[in-house]
Amino acid sequence: MTDKLKSTLWPLSIGVLTLLIWQLGGFHALLDLKPFQLPVPTGIASTLAQNLTKALRDCGITVSGAIVGMIIGSSIGFLIAVVATVFPKWGYGGLTVVSAFNAIPIVALSPIMNRWFSTGMGQKIGVVTVVTMAAMAINAYRGLTDLKPFSLDLMKSYAANRRTVFFRLRLPNCLPSVFTALKINITSSMIAAIVSEYFATSTSGLGFGIKDNLRKAEMAMGWSYITIAALAGIVLYLIISMVERRAVKWHASQRIK
Amino acid sequence: MKKYLSLLLCMALFLSLALAGCGSNGDTAASGSSTAGSSASTSGSSESTASTAAPDKITLQLKWLPQSQFMGYYVAQEKGYYKEQGIDIEILPGGSDIIPEQQVYNGVADIGVTWVSSLMKYQGQGWDLVETAQIFQKSALLLVSKTKAGIKTPADLKGKKVGSWFGGNEYELYAMIESAGLNRDKDLKLVQQDYTMDQLINDEIEAASAMTYNEYGLLLESGIPEAELSKLDMNEHNVAMLEDCLFVNSEWLAKNEDVFVRFLKASIKGWEEACKDPEAAGNIVFNVDKSVSLEHQVYMAKEVAKLVVPEGFDAAKIGYIDNKAIQQTADYALKYGLLTKAADISKCVNSKYWEQAAAK
Amino acid sequence: MNKNKTLVLLVWFAGIFALWELGAFSLVNIFHDKMAASKLPYPHEVIATLAKNWQTLSEAGAVTFSKAATGFALGASIGIILAILMSISKIAEQIAFPYLIVSQMIPVLGLAPIIFNLVRNMDASRIIIAAYITFFPVAANMLSGLKSVDIDKRELMYSYAAKKPSIYMKLMLPFSLPYLFSGLKIAAPLSVTASILVDMLGSKNGIGVKLLYSLYGGTKDIFWASVFTSALMGIISYFIVIIAERIFIPWKKEFNTKAGED
């Protein structure tokens, strides 16, 4: 319990300290900024409070697009990793191909997806799917192939066939890597969804709010959208790490105290 | 243990710094320019240099990509008009993540190009910026649709899906929509356009925002004949707001009055020349960056010339600030929700430097 | 062996080319899509444009790639240092990780003006922004690698009275290398993306500039050729990391060829 308390108290107190410095103008002095360039936390909070319902609705749209896209993208990525493991000679090329996708910037991807999907949501999911594939494929592949020494020999000595090796050894072994990929993907899917909304055929979503307001010098409003995005990102991350803690209790990364 | 760690940290830091160092050097060599930082520091010094001494470094931030929309500056640069005035100019391209008002306020750039309404918004929020010359005398914004959609008057927009770029570019549309007695939230659907015209071509939206000099030309170049397009012109419907203007940071201006007047002189000369021969101006811009076709740059140059020197406008007055038009821009900006309180025109605009520059 | 690999690679490229060609063909001729050129142009046309504009595109690509390399080096170093710090101290991890995620949620549009204001130099700002985009996957992967070291192994080392630095040098770092390289494999193409993105922050040259100008200037062919070039740069950066992996983790190579042949 005390550990748990500590683990929330530390980040929280640092956060409060940061906000305090920010509020009292520490960052503005340090970075030579004026409050109308970077609003102070109370300014952001009061603006956010006034526009909370709209901001939350926009957040819902962005988050749902990000999650759906991430699920599709991660599944495709995982499949690619499986194929690359089962058919190492021919399948490995798939990993190279997805990483090539990773080099296409969202700014170029968004207008292309606008052509493929006429709705903002479809475009968002399309962009997030492409962006999240590579991280999952590469991490899952490592998990599926980077086995403990001798474990493969042990399985062989039991005369286990490839199927058993895959389901009993490789699949459990890749779980931690899958979670690492999910943690990377949750942040990249949020930011991809946000940036795709800069160009989407709609006027909803966090990305539209951020772009529209920052360009129009509504800094407090723009930053309250950024705040919401950050909070959503943290919540999604916490959910994933909670699932992770349950799913891979046996793994070393969860046992170190 | 601590010693080890700090050693590791130092090494990593050193490595990254060294890498960053060579990286930026390499970049400078490759792009052959990039003096934003140094120009910001030199511009701080207030002495006015005669053209015989070392030239003054001036950085101009464009609102958008290098294209004939900004041909006057490129012509002045190409023909050496800035050099004649003892100015070493650097023209920074804009982009979707670049906000000229912020660049100028930050000191990354000395002078910026932006839309008047957008500038007023920043001024209203406390940014100490001032407009010093009005390059475009007319609004270039159109609402374009295919004739089959039957949009002939603003009232026909009822029930349609209409595109805008937002981010401050939507207020002329609001004015047009509401002047036709429509409610912009209920009577039609406003959606965001990406910066291509594909949504209109693909019939995803029924009417799209387009600038006379850019997007409208792209539509024609995409193979849609002019007869199949209908357009609503902001000027004709009396909802025009002013667009491209020059602005500076007041603090910077106070220290650099002389340099700025020289900059204006050279720029006006460049614009004059460009408007006289748009074809040549389009060629000059095309040589800056060849990603956009020459045909389109020339088309744009011709259209932009009509905005800078409209029919009946004296070409010697390029850059003139028409207070009546500025007031209309401010009024619409207030009425349709961009501004929360009325703008004080006398504080937003300062014609003094333009008058000095245009006097010759 | 090597010949075999080249063959596999060739078959892959040929396969993708054929599939793409088929897709473009069916868009035009089966679905009669008038936006076909925007959705999926013929690959042979893209390659033709690429060949025609090879000089400008490769020059732009070189500018972007060198910037990406700098951003990658900086971002990866920061990521590695952060991961080591977080694995040494649980408290550091608890404090830092949530804020690293928060940092990733700030879009460049919001961040860039602050960095410009601080640095007041466009080139330095661009490198900082590129590093900022790159560091997170490296940090996340490296950290999970460091955390995955078996506790038994660590205790064994402790029981030998090994000091923390030597535990890190002999056990933790080598063990986490595969994880690190997974992170680098994700980060390398990402640094190309980041570099393209900062090209768009008012650069005069680079693939990002080509991409943006051609997209908004209606030159679709150059746009697609630029997209193709950026994907190509992603593949190159990915292969560079793979080569580095072979050098730094020689034992993995042998492992790799064994995998799947069980």
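Residues numbered from 1 in each chain as written. Chains lettered and ligands numbered in written order. Predicted model: local features only at pLDDT ≥ 70, side-chain atom pairs only at ≥ 80, totals over all residues. Heavy atoms only, no water.

Moving on, we come to the UniProt feature "transmembrane region" (unreviewed entry) in chain A. Residues and elements named next belong to chain A. UniProt tags residues 12–31, 61–84, 90–113, 125–144 and 222–240 as "transmembrane region" (unreviewed entry). Secondary structure within residues 12–31 divides into 90% helix and 0% strand; the distance between the first and last C-alpha atoms comes to 24 Å. Taken end to end, residues 125–144 comprises 100% helix and 0% strand; its first and last C-alpha atoms sit 27 Å apart. (UniProt positions renumbered as here; feature names shortened; annotations may be inferred. Helix = DSSP H or I, 4+ residues; strand = E, 2+ residues; numbered from the N terminus.)

Okay, the UniProt feature "domain: SsuA/THI5-like" (unreviewed entry) in chain B next. The positions that UniProt labels "domain: SsuA/THI5-like" (unreviewed entry) are, in the present scheme, residues 68–281 of chain B. Between the first and last C-alpha atoms of residues 68–281 of chain B the distance is 7 Å; the span itself is 36% helix and 22% strand.

This part covers the interface of chain C and chain A. Across the boundary between the two partners, chain C contributes 71 residues, which contact 73 residues of chain A. Summing the contributions of chain C and of chain A, the shared interface buries around 6500 Å²; its carbon and sulfur component is 72%. Along the contact surface separating chain C from chain A lie 0 salt bridges. At the boundary of chain C with chain A, the tally comes to 9 residue pairs in polar contact (both at pLDDT 80 or more). The element contributing the most residues to the side of chain C that touches chain A is helix 9 (residues 164–199) of chain C, with 11 residues. (Contact = heavy atoms within 4.5 Å. Buried area = accessible area lost by both parts, 1.4 Å probe. Salt bridge = Lys/Arg side-chain N within 4 Å of Asp/Glu carboxyl O. Polar contact = N/O pair within 3.5 Å; in protein donor to acceptor, adjacent residues only side chain to side chain.)

This part takes up the pattern of salt bridges. All names here are of chain A. Inspection of every chain in the model, using the stated rule, returns 26 salt bridges over all chains. The shortest N-O distance in the salt bridge between Lys54 and Asp58 comes to 3.0 Å. With Lys54 and Asp58 both in helix 4 (residues 52–86) and 4 residues apart, the pair spans about one turn of that helix. Judged by its relative accessible area of 36%, Lys54 falls in the partly exposed class. In this structure Asp58 comes out as buried when scored by relative accessible area, which is 3%. (Buried < 20%, exposed > 50% of the residue type's maximum accessible area, 1.4 Å probe, protein only.)

So, about the packing of aromatic side chains. Centre-to-centre distance and the angle between the planes together describe a pair of aromatic rings. In the structure shown here, the tally under the stated rule is 28 aromatic pairs over all chains. Here A:Tyr198 and A:Phe199 contribute two aromatic rings whose centre-to-centre distance is 6.2 Å and whose plane-to-plane angle is 50°, an arrangement assigned as tilted. The class for A:Phe199 is buried, based on a relative accessible area of 2%. Through successive ring pairs, a cluster of aromatic residues spans A:Tyr198, A:Phe199, B:Trp64, B:Tyr195 and C:Tyr216. One cation-aromatic arrangement involves B:Arg184 over B:Tyr174; the distance from NZ or CZ to the ring centre is 3.8 Å. (Phe/Tyr/Trp six-rings, centres within 6.5 Å; stacked < 30°, edge-to-face > 60°. Lys NZ or Arg CZ within 6 Å of the ring centre and 35° of its normal.)

With that settled, consider helix 10 (residues 162–197) of chain A. Residues and elements named next belong to chain A. With 36 residues, helix 10 ought to run about 52 Å at 1.5 Å a step, yet its terminal C-alpha atoms sit only 45 Å apart, falling short of that. At Leu175, helix 10 shows its strongest bend, of approximately 40°, with the proline Pro176 following within four residues. Of all the 36 residues making up helix 10, 27 are buried; the element is thus mostly covered by neighbouring parts of the structure. (Expected span 1.5 Å × (residues − 1). Bend = angle between axes of the 7 residues up to and from the residue.)

With that out of the way, let us pick up the domain arrangement of chain B. All names here are of chain B. Segmenting chain B into domains produces domain 1 (56–137 + 242–358) and domain 2 (141–233). Here the C-alpha centre of domain 2 lies 26 Å away from the C-alpha centre of domain 1. In this assembly, 20 residues from domain 1 lie in contact with 19 residues from domain 2. Together domain 1 and domain 2 conceal approximately 1600 Å² of surface at their shared face, both sides included; 60% is due to carbon and sulfur atoms. For the pair domain 1 and domain 2, the interface holds 0 salt bridges. At the junction of domain 1 and domain 2, the tally comes to 5 residue pairs in polar contact (both at pLDDT 80 or more). With 7 residues, the top contributor of residues to the side of domain 1 that touches domain 2 is helix 13 (residues 294–308). Looking at side-chain class alone, the side of domain 1 that touches domain 2 contains 10 nonpolar, 7 polar and 3 charged residues. (Domains from an automatic or database assignment. Nonpolar A, V, L, I, M, F, W, Y, C, P; charged D, E, K, R; others polar.)

Quick look at unusual backbone geometry now. All names here are of chain B. Unusually for a residue other than glycine, Phe166 sits at a positive phi of about 55°. You can see Phe166 is positioned in the loop between strand 6 (161–164) and helix 7 (171–179). On the basis of relative accessibility, which here comes to 6%, the residue Phe166 falls in the buried class. A positive phi is found at Asn238, a non-glycine position, where the angle reads about 60°. The residue Asn238 is located in the loop between strand 9 (229–233) and strand 10 (244–249) in this model.

With respect to the element layout, B:Thr329 can be found in helix 14 (residues 323–335). Non-local contacts of B:Thr329, meaning those with residues more than four positions away in its chain, are made with B:Val116, B:Ser117, B:Met120, B:Met241 and B:Leu242.

Once that is clear, we can look at the UniProt feature "domain: ABC transmembrane type-1" (unreviewed entry) in chain A. Summarizing the sequence annotation, UniProt attributes the feature "domain: ABC transmembrane type-1" (unreviewed entry) to residues 59–244 of chain A in the numbering used throughout. Its end C-alpha atoms 24 Å apart, residues 59–244 of chain A is made of 84% helix and 0% strand.

Turning to the sheet that holds strand 1 (residues 56–61) of chain B, a few remarks are in order. All names here are of chain B. Pairing is mixed across the open sheet formed by 5 strands, whose spatial order is 2-1-3-10-4. The outermost strands of the open sheet, each flanked by one partner alone, are strand 2 (87–92) and strand 4 (129–134). The mean angle between the axes of side-by-side strands here comes to 30°, regardless of whether they run parallel or antiparallel. The sheet contact formed by strand 3 (residues 111–115) and strand 10 spans 5 bridges and is antiparallel. For Val113, the partnering residue across the bridge sits in strand 10 and is Leu246. Strand contacts of helix 6 (residues 116–124): strand 3, strand 4 and strand 10, with the helix running at about 160° to strand 4, the strand carrying the most contacts. (Pairing = 2+ DSSP bridges. Axes fitted to C-alpha atoms, helices over the stretch in contact; angles between N-to-C directions.)

Okay, helix 6 of chain B next. Residue and element names in this part refer to chain B. Most of helix 6 is tucked away: 8 of the 9 residues are buried. The complete set of buried residues in helix 6 reads Val116, Ser117, Ser118, Leu119, Met120, Lys121, Tyr122 and Gln123. At the exit of helix 6 stands Gly126, carrying a positive phi of roughly 105°.

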